[in-house]
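# Coordinates in review
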Amino acid sequence: MSLYLLYIQATSRLEAVLQDLEKIKANSEIDAYLYTADLNYPSHCNLSVIKCFQLEMEVVLYESKFEDRNFCNSVHRIVRIVKHFLSFETNTDTYTCQRCETYKEKKYSEFIENFKFVIQRINREEKKK
């Protein structure tokens, strides 16, 4: 029972990820191109897609170590929450999913918008379970 409660808490934290993504999306100092998942991926690939976004956010975190502290804190929180969420996911049927490195590299602003869309999609799907 307590594991289920932790899982519910992890999925509810996705709302915090959306808030932090909104805070950091307007950072014009980031000129990186990041692997960005296509938005028409199959649902069974949620795990691999969110993992890809998490890995790319770690790149943003590394690149922004000397940026604004609030920006860096928001990126760090996103990475931490997504990692926590992934620790509760059990869907391992990802062998048919596209690998992160095969996605197109897109500008930071488009990456953030796609990440928000994916979080919203996963949030909706998790609430239906």
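Residues numbered from 1 in each chain as written. Predicted model: local features only at pLDDT ≥ 70, side-chain atom pairs only at ≥ 80, totals over all residues. Heavy atoms only, no water.

## A short note on the overall build of the chain
- A count of helices and strands for the chain gives five helices and two strands.
- Within the span of the chain, comprising 129 residues, buried residues form 43% of the whole.
- If you take every contact in the chain between residues at least 6 apart in sequence, the share linking residues at least 24 apart comes to 88%.
- Summing over all exposed atoms, the chain offers an accessible surface of approximately 7,700 Å²; the carbon and sulfur share of this is 52%. (Helix = DSSP H or I, 4+ residues; strand = E, 2+ residues; numbered from the N terminus. Buried < 20%, exposed > 50% of the residue type's maximum accessible area, 1.4 Å probe, protein only. Contact = heavy atoms within 4.5 Å. Areas by Shrake-Rupley, 256 points an atom, 1.4 Å probe, with all protein chains shown as cover.)

## Quick look at the environment of Ala32
- Note on placement: Ala32 falls in the loop between α2 (14-24) and β1 (33-35).
- For the pair formed by Ala32 and Tyr108, sequence separation is 76 residues and the distance between their alpha carbons is 5.7 Å.
- In this structure, Ala32 is in contact with Lys106, Lys107 and Tyr108, ignoring residues within four places of it in sequence.

## Describing the pattern of salt bridges
- What the rule picks out here adds up to nine salt bridges.
- In this structure, Asp20 engages Arg77 in a salt bridge whose closest nitrogen and oxygen atoms are separated by 2.7 Å. With Asp20 in helix α2 and Arg77 in helix α4 (residues 69-88), this pair connects stretches of sequence that are 57 residues apart.
- For Arg77, a relative accessible area of 28% corresponds to the partly exposed category.
- Notably, a salt bridge pairs Glu113 with Lys116, separated by 3.8 Å at the nearest N-O pair. In this pair, Glu113 and Lys116 are both assigned in helix α5 (residues 108-128), three residues apart and thus about one turn of the helix distant.
- Since its relative accessible area comes to 36%, Glu113 is described here as partly exposed.
- Lys116 gets classed as buried once you look at its relative accessible area, which sits at 12%. (Salt bridge = Lys/Arg side-chain N within 4 Å of Asp/Glu carboxyl O.)

## A short note on the state of the cysteines
- In total, this model carries two disulfides according to the counting rule given.
- The disulfide bridge from Cys45 ends at Cys97, spanning 2.0 Å between sulfur atoms. Between Cys45 and Cys97, the S-S dihedral sits near -95 degrees, and the bridge is therefore left-handed. One end of the pair, Cys45, is in the loop between β1 and α3 (46-63); the other, Cys97, is in the loop between α4 and β2 (105-107), with 52 residues separating them in the sequence.
- Overall, the relative accessible area of 2% leaves Cys45 in the buried class.
- For the chain, the bonded cysteines connect in the pattern 1-3, 2-4 when numbered consecutively along the sequence. (Disulfide = S-S within 2.5 Å.)

## Describing α4
- With 20 residues, α4 should cover 28 Å at 1.5 Å per step; its first-to-last C-alpha distance of 29 Å lies within 8% of that length.
- Listed in full, the buried residues belonging to α4 are Phe71, Cys72, Ser74, Val75, Ile78, Val79, Ile81, Val82, Phe85, Leu86 and Phe88. (Expected span 1.5 Å × (residues − 1).)

## Focus on the confidence of the model for the chain
- When pLDDT is averaged across the chain, the result is 83; 83% of the residues are at 70 or more.
- When the criterion is pLDDT under 50, residues 1-7 qualifies, and its contacts beyond four places in sequence or with other chains add up to six contacts. (pLDDT = per-residue confidence, 0-100.)

## Here's the deal with the packing of α2 against α4
- The geometry of α2 relative to α4 is characterised by a closest axis approach of 9 Å and an angle of 150 degrees between their N-to-C directions. Taken together, the axes of α2 and α4 lie roughly antiparallel to each other. Considering the relative orientation of α2 and α4, their crossing is left-handed. Facing Leu14, Ala16, Val17, Asp20, Leu21, Lys23 and Ile24 of α2, the residues of α4 in contact are Phe71, Ser74, Val75, Arg77, Ile78, Ile81, Val82 and Phe85. (Axes fitted to C-alpha atoms, helices over the stretch in contact; angles between N-to-C directions. Parallel < 35°, antiparallel > 145°, perpendicular 65-115°, else oblique. Left-handed = near helix turned anticlockwise from the far one by under 90°.)

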